[in-house]
Amino acid sequence: MDLAEIVDRAVRRQANDGTRLLAILRDVQQEAGSLPPEAIDGIAAAVGQPRVRVESTATFYHLLHNTSHGAYEVLFSDNIVDRMGGKEELMRYFCDELLVHPDKLSHDGLVYVGSTSDIGMGDHAPAALVNGFALPALDKNRLGLIANLIRAQLPVAEWPRALLDVSDNVRKTGPLLGEPFSPGAGVARAQSMGPDGILAQLEAAGLRGRGGAGYKTAAKWASCRRAVGKAHYVICNADEGEPGTFKDRVLLQSYADLVFEGMTIAALAIGAGRGFVYLRGEYLYLLRHLQDVLARRRAAGLLGAGILGRAGLDFDIEIAMGAGAYICGEESALIESLEGKPGRPRNRPPYPDTHGYLDQPTVVNNVETFACAARIAERGSAWFAGIGTAQSTGTKLISVSGDCKYPGTYEYPFGVTIRQILAEAGASQAQAVQVGGPSGTCVPWREFDRKIAFEDVPSAGALMVFSRSQDMFEVARNFSHFFAHESCGFCTPCRVGTSLLRDTMDKLAAGKGSAYDMQSMQTLMRILLTMSHCGLGHTAAKPVVETMRAFPEAYEHRLRKLDFEPAFDLDAALGTARHITGRDDEWAHIVEDER
Amino acid sequence: MSTFTLDGKAVAFEEGETILEAALVAGAYIPYLCHRPGYAPHGSCKVCTVSVDGRNAASCTMRAREGMVVETQTPELSDMRRALVEMLFVEGNHTCPACEQTGQCELQAVAYHVGMLATRFDLMFPARDLDASHPDILLDRNRCILCGLCVRASREVDGKNVFGIGGRGIDSRLIVNAASGRLGDTDLSAQDEAVDVCPVGAILRKRQAYQVPYGKRKYDLRPISEVAVEQARRRKEKARG
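Since this is a predicted model, take the numbers as computed values, not measurements.

A few words on the overall build of chain A. Counting secondary structure elements, chain A contains 25 helices and 16 strands. In terms of overall size, chain A behaves like a compact globule, its C-alpha atoms giving a radius of gyration of 25 Å where 595 residues would be expected to give roughly 25 Å. For the C-alpha atoms alone, the extent of chain A along its principal axes is close to 85 × 60 × 45 Å. Looking at chain A as a whole, 53% of its 595 residues are labelled buried. Taking contacts inside chain A between residues at least 6 apart in sequence as the whole, the part at least 24 apart equals 71%.

Now the structure itself:
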């Protein structure tokens, strides 16, 4: 099929709708192998947008590319937990097996091997994506097999299922995951309560958002309900991009009914007719399953026109795929993305509850929040409020990964201590845990009696364990690379600051750090924290600052001199000249003095 | 008329005005780079950040409210603002003494205003493109600060969509509306507002660079603080009719 035809079909599948640009771009790339300039031209013309706008979106997302990545694109997850599991060595091994260089298409155009930010498989680390599908629990055996399959050019759909199956790893259940659930029970109860009843119940249950910020769900829904607009929308934030977090993956894989039920209840409460699940591109393997569950719910009268047989009660849900951008977990960036634009956070206020999707009143909640709402509708507020602490009611799903015997998802009442989680996960040698991912909190061993709760250590779900053998400086350095890679680039402090911070950490890692660099990182931290446009920038320096405070020795032994050391590397600067002259002998290098 | 406090003085504002607009009309200059009076607020450069009741906010996007206490010149804010300007210098390739735009460049003028002498950060020396394909206009991405003013001017004033921001993070770059990626293949004309609006030397008219000699240029004669206040007042008078 020629490119024009591919574009035409992809655009028509989305009804020439420019707000569905990301879906169109994903489809065209899927079929054409890349997004060359002619594809951008064709899409722009078909959706009636200037090509420069289409190109802005196409070049923003990490999983989209304008040159071919071959028939097989393998992207290794690059979170610290993957690195601890041997990611770098395994990626080298894999590249050697296939005779390719990382980040370059192979000479025969067959395969591309690269890295990508955490793919939500921390309990199966090290992991990778092949053509968008997850490859969990990699080791040399599996990679050898995968290399053979690629050389034999067997389509991924025909690969052994064992390579692609992602197990839930639920290690501990509670009232959210452990109790049976019959689809429709919550919706029926919610319908009999009516919107005011639902909001009163959520308020009494004390439900707070599970995405990390902990905003009161009842207040958000009530404000959205009050807001005047042409239409109201419900959005489920399934962009689970915070490294080390994978509990939403488990909810979507095995508890999707609970999530859709919560969204439907939200729709009843605010008067919405349409809902979206914004699913991160890395969870492509869940798409088919989620669509099947949606179809089943439509057939059961739980979605679509006239829910539960009541005329006028219409609500349906569609899945919108992301394409590799952590920032789209920020709700206003998510909405921009859902409208077909680059995921850059909006100026706030106004907030989505009054001006969200297509500038209309919109509720955006985390996957787990919707699941909780469904349980509350089913079992009542008193039951929920009786679990956890006074300020943090209910349970919390925790994704445990890193140095522990039993990585996986654990459900605990709020208020559980980090010590207890570590004991049950079989982590006896921990020196620190990173709670809530890179943007969360680094808790050193001295503080393991602290509790997971909004009032103590809040968490979006991740808990990465670092044993005494891990270098906490390398943990922070990995996170600094993550933030620099994921900064959207809109505001100066974050665009430049995250890169400067990454470069300074690299300078220290190369053994060229000085006290001056330590001070300059403090300045960067202040700028990021106080001047950035959104939460990504605000928290980007946190891992560095916290590890510096809790593990100063991890930094100090890297400082070569205590005052100043230039970042400029004279020998490296001669690299271009060496390349041009084809020389690499001793006299083509400047050897530094031993100090 | 409602008022708020700006560095201890009362400043009057009209409903809907931003802190920056009201401050400029009152004669209090707050440095900014991604804004232009009359344009919809953008809020990306963050150079105009002020403290509002103790919390930082971009004054170009924050609406003035009765009784709010705004500070613009605390030692901390002044240092942070200077650091932001330094960041804009290190992420691009800015060689003021050799640049055609010297003396009429807002980045340079703001740098003087905030007292920047050198940068505390390491220069990044990025490899960026220069595009001379257009007969009348030069596009030098080395000097682009990603303020997005040309993007908005082309879309909203010229009705053309010549420019956009592509890429992400530190790899963000100004892109143009042509499959070839060349400015010469767009419908940009030398009369477009998108050309005039560039605060730095990224978008320049060809063959005009030295018509006004060094030393007699816009900001050689008067500091940017005076120019910006006068512009804002003139705009407001015009709006009143």
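Quick look at the environment of threonine 61 of chain B now. For threonine 61 of chain B, the position within the fold is in the loop between strand S4 (55–58) and strand S5 (69–71). Between the C-alpha atom of threonine 61 of chain B and that of alanine 190 of chain B, which follows or precedes it by 129 residues, the distance is 30 Å. If near-sequence neighbours (up to four positions away) are discounted, threonine 61 of chain B is found in contact with Asn347 of chain A together with Thr18, Pro41 and Gly43 of chain B.

Sheet strands associate in pairs through backbone hydrogen bonding, adopting either a parallel or an antiparallel arrangement. All names here are of chain A. On the basis of which strands lie adjacent, the open sheet formed by four strands has the order S8-S7-S6-S9 and parallel pairing. In the strand order of this sheet, the two ends are held by strand S8 (316–321) and strand S9 (362–366), each with one partner. Direction aside, neighbouring strands of the sheet carry axes that sit 20° apart on average. Of the pairings in the sheet, the one linking strand S7 (residues 274–279) to S8 comprises six bridges and is parallel in character. Considered in S8, the bridge of leucine 279 is made with methionine 321. Packed onto the sheet, helix H15 (residues 367–379) meets strand S6 (233–238) and S9 and runs at close to 95° relative to S9.

This part is about the interface of chain A and chain B. With 35 residues of chain A in contact, the opposing surface of chain B contributes 32 residues. The set of elements that each furnish at least two residues to the side of chain A that touches chain B consists of helix H3 (37–47), helix H4 (51–60), helix H18 (472–486), helix H19 (492–509) and helix H20 (515–531) of chain A. Examining the composition of the side of chain A that touches chain B, we find that eight residues originate from one element, H19 of chain A, more than from any other. Among the residues forming the side of chain A that touches chain B, the class breakdown is 14 nonpolar, 13 polar and eight charged.

Residues and elements named next belong to chain B. In this sheet, S4 lies alongside strand S3 (residues 49–52) in antiparallel orientation, the contact comprising four bridges. Bridging from a neighbouring strand, serine 51 pairs with asparagine 56 of S4. Where S3 folds back onto S4 in an antiparallel hairpin, the turn is made up of two residues, including aspartate 53, whose phi is positive at roughly 50°.

Let us now look at helix H22 (residues 542–550) of chain A. Where H22 of chain A is concerned, the buried positions are Lys542, Pro543, Val544, Thr547 and Met548 of chain A. The elements touched by buried residues of H22 of chain A are strand S13 (441–444), H18, H19, H20, helix H21 (535–539) and helix H23 (552–556) of chain A.

Okay, the domain arrangement of chain A next. Entries for chain A in the domain assignment read domain 1 (3–60), domain 2 (72–167), domain 3 (172–385), domain 4 (395–470) and domain 5 (473–561). Taking only C-alpha atoms, the centre of domain 1 of chain A and the centre of domain 5 of chain A are 37 Å apart.

Turning to the confidence of the model for chain B, a few remarks are in order. Put simply, chain B has an average pLDDT of 95, and 100% of its residues get 70 or more. ipTM for the predicted complex: 0.97, alongside a pTM of 0.95.

Scoring rules and cut-offs
Along every chain, residues carry numbers that run from 1 in the direction the sequence is written. Chain labels run from A onward and ligand labels from 1 onward, assigned in the order the entries are written. Local features in this predicted model are restricted to residues of pLDDT 70 or higher, and side-chain atom pairs are both shown and tallied only at a pLDDT of 80 or more, whereas totals for entire chains, interfaces and linings draw on every residue. Numbering of helices and strands starts at the N terminus; helices are DSSP runs of H or I of at least 4 residues and strands are runs of E of at least 2. The globule rule used for comparison is 2.2 Å times the number of residues to the exponent 0.38, while the radius of gyration itself is calculated over C-alpha atoms. The burial criterion counts other C-beta atoms lying within 10 Å of a residue's C-beta, which is placed from the backbone; the residue is buried at 20 or more, exposed at 12 or fewer, and partly exposed between these limits. In this description, any two residues whose backbone-derived C-beta atoms lie within 7 Å of each other are considered to be in contact. DSSP calls a pair of strands paired once it identifies at least 2 bridges connecting them. Under this scheme, a helix contributes an axis fitted over its contacting stretch, all axes are lines through C-alpha atoms, and angles between N-to-C directions fall in the 0 to 180 degree range. Only Asp, Glu, Lys and Arg are considered charged, only Ala, Val, Leu, Ile, Met, Phe, Trp, Tyr, Cys and Pro nonpolar, and every remaining residue, Gly among them, polar. By convention here, the domain bounds are inherited from an automatic or database domain assignment. For every residue, the predictor reports its confidence as pLDDT, a number between 0 and 100.

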